[in-house]
Amino acid sequence: MMRLNLNQLAIFAQVIECEGFSAAGQVLFLSQSSVSKQVQNLEIALRTQLVDRSGPKIRPTLAGEILLAQTKEVLALADQAVAAVQAAALLRKDPLVIGSTSTISGHFLPAVLRELRRREPDAQISLAVSTADQLAVALEEGQVGIGLSGSPLPPGQYRSERLADDDMLLVCPADHPLVGKGLAPTDLAGETFLLRECGSQTRRQLTDLLHSWELAGARTLNLWGTEGVKEAARIGLGVGLVPRRSVQLELRHGVLAELTVHPSPERRAVMASWTLARPLTAYEQLLLPILREAARTTAGVPSR
């Protein structure tokens, strides 16, 4: 089987784009005769005329048009292959930096990191924890290749995939008098609500929930991180909104309890987003299927 020469294909495509051998030669820093010779050799190899030289401007023949369409695809695949090889060459040199919002980094990522460490024990892994807005910027600029968030990020120069969903619970001390009752929002009017730090998606969800429950004037207490909310709820400082995955042990051992209120908080997504600003490194390409596998493994977490 005949093997096409990528260099000849690239020169042929440039000739068609520039509508002439001389103009193509200027772009490619080649002489007109060299460009013409390469196209002629390609025509000889394929045993057909590819360009119509009869007019003032070069035009592709029917065979040339067909080859041009295929050439664009072949050259694009060649570029992808080069990018993949370059990414693999950096595999042992550059650390894997995973972007994440704080809630996801605490309850979803540890199992992912354990599996990644099992497969690639020599990998240097670091976590860049930020707000969702900061994560979106980091993905836009290619500072991180893959980022995880608790809800969709605003549209940008990256792709996103919904990995899993998680219940969001209102938690309180196990001995709270409202535990075990079916509650309406008005039953919570006297409670203090524990808010996450500014920029947190959980904070935004809870404040929106309070507005929808007509409890916008309720008492609030500002804290930092899911662990801060869990501890404050445990010692009776208020009621906090947390993902179910983050309090499984506390619920199982009676350290915290769930308040059942209708309408209940909306479920939250676990989203993976990856940058389009640069090719993914080999480690980042390895991380994506591990994330999907972890999401399937935890899909059996009980929900209500």
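Here the structure is a predicted model, which means the values were calculated and not measured.

Caption draft 1: Examining the nonpolar core more closely. If you look at the biggest cluster of nonpolar residues, it comprises 23 residues, and the most contacted ones within it are Phe 108, Val 112, Ile 146, Leu 148, Leu 163, Leu 287 and Leu 291. Secondary structure elements with two or more residues in this core: strand 3 (96–100), helix 6 (109–119), strand 5 (146–149), strand 6 (158–166), strand 13 (268–275) and helix 11 (282–297). No other element matches helix 11, which puts seven residues into this core. Counting 19 residues, the second largest nonpolar core, distinct from the first, contains Met 168, Leu 215, Ala 257 and Val 261.

Caption draft 2: Spotlight on the packing of helix 2 (residues 21–28) against helix 3 (residues 32–46). Relative to each other, helix 2 and helix 3 sit at 105 degrees, their axes nearing to 8 Å. It follows that helix 2 is roughly perpendicular to helix 3 by the angle criterion. In contact with Phe 21, Ser 22, Ala 24 and Gly 25 of helix 2, helix 3 contributes Gln 32, Val 35, Ser 36 and Val 39. Taken together, the residues of the contact of helix 2 with helix 3 break down into four nonpolar, four polar and no charged.

Caption draft 3: Structural detail: helix 7 (residues 132–140). Among the residues making up helix 7, those that are buried are Ala 132, Leu 135, Ala 136, Ala 138 and Leu 139. For helix 7, the angular spread of the buried residues around the axis is 165 degrees, confining them to a single face. In the core, the buried residues of helix 7 are packed alongside strand 3, strand 5, strand 6, helix 8 (201–212) and strand 13.

Caption draft 4: Expanded view of empty space enclosed by the protein. This model, assessed by the stated rule, comprises two cavities of 30 Å³ or more. Here the largest cavity is characterised by a volume of approximately 50 Å³. Those elements that provide at least two residues to the lining of the largest cavity are helix 5 (102–107) and strand 13. Here the residues of the lining of the largest cavity sort into five nonpolar, three polar and two charged.

Caption draft 5: Seen up close, the side chain of Thr 61. Topologically, Thr 61 is positioned in the loop between strand 2 (59–60) and helix 4 (62–89). The exposure class of Thr 61 is buried, given its relative accessible area of 18%. Excluding residues within four positions of it along the chain, Thr 61 makes contact with Gln 49, Leu 50, Val 51 and Asp 52.

Caption draft 6: Broad picture of the environment of Gln 124. Mapped onto the secondary structure, Gln 124 falls in the loop between helix 6 and strand 4 (125–129). Between the C-alpha atom of Gln 124 and that of Leu 96, which follows or precedes it by 28 residues, the distance is 6.1 Å. Residues contacting Gln 124, with those up to four places away along its chain left out, are Pro 95 and Leu 96.

Caption draft 7: Quick look at the side chain of Gln 8. By the element assignment, Gln 8 lies in helix 1 (residues 6–18). Judged by its relative accessible area of 12%, Gln 8 is buried. Not counting residues within four places of it along the chain, the set of residues in contact with Gln 8 comprises Gln 38, Asn 41 and Leu 42.

Caption draft 8: The arrangement of the sheet that holds strand 4 in detail. Overall, mixed pairing links the five strands, which are arranged 4-3-5-13-6 in an open sheet. Sheet topology places strand 4 and strand 6 at the edges, where each strand pairs with a single neighbour. Across this sheet, the average inter-strand angle for adjacent strands is 25 degrees, counted without regard to direction. Alignment of strand 3 against strand 5, held across three bridges, turns out to be parallel. For Ile 98, the partnering residue across the bridge sits in strand 5 and is Ile 146.

Caption draft 9: Local environment of unusual backbone geometry. A cis geometry characterises the amide bond from His 262 onward to Pro 263, with omega recorded as 0 degrees. Relative to the helices and strands, Pro 263 is located in the loop between strand 12 (256–261) and strand 13. Phi is positive for Phe 29, close to 60 degrees, though the residue is something other than glycine. Relative accessible area serves as the criterion here: at 77%, Phe 29 is assigned to the exposed category. Although it is not a glycine, Arg 47 adopts a positive phi angle of roughly 60 degrees. Summarising the element assignment, Arg 47 is placed in the loop between helix 3 and strand 1 (51–52).

Definitions and cut-offs
Residues numbered from 1 in each chain as written. Predicted model: local features only at pLDDT ≥ 70, side-chain atom pairs only at ≥ 80, totals over all residues. Heavy atoms only, no water. Core = buried A, V, L, I, M, F, W, Y, C linked by side-chain atoms within 4.5 Å. Buried < 20%, exposed > 50% of the residue type's maximum accessible area, 1.4 Å probe, protein only. Helix = DSSP H or I, 4+ residues; strand = E, 2+ residues; numbered from the N terminus. Axes fitted to C-alpha atoms, helices over the stretch in contact; angles between N-to-C directions. Parallel < 35°, antiparallel > 145°, perpendicular 65-115°, else oblique. Contact = heavy atoms within 4.5 Å. Nonpolar A, V, L, I, M, F, W, Y, C, P; charged D, E, K, R; others polar. Arc of directions from axis to C-beta. 1 Å grid on protein atoms, 1.4 Å probe; cavity = no way out; pocket = protein on both sides within 12 Å on 5 of 7 lines; lining within 4 Å. Points joined across faces, edges and corners; volume = space filled by probe spheres on them. Pairing = 2+ DSSP bridges.

Coordinates in, geometry out; function isn't part of it.
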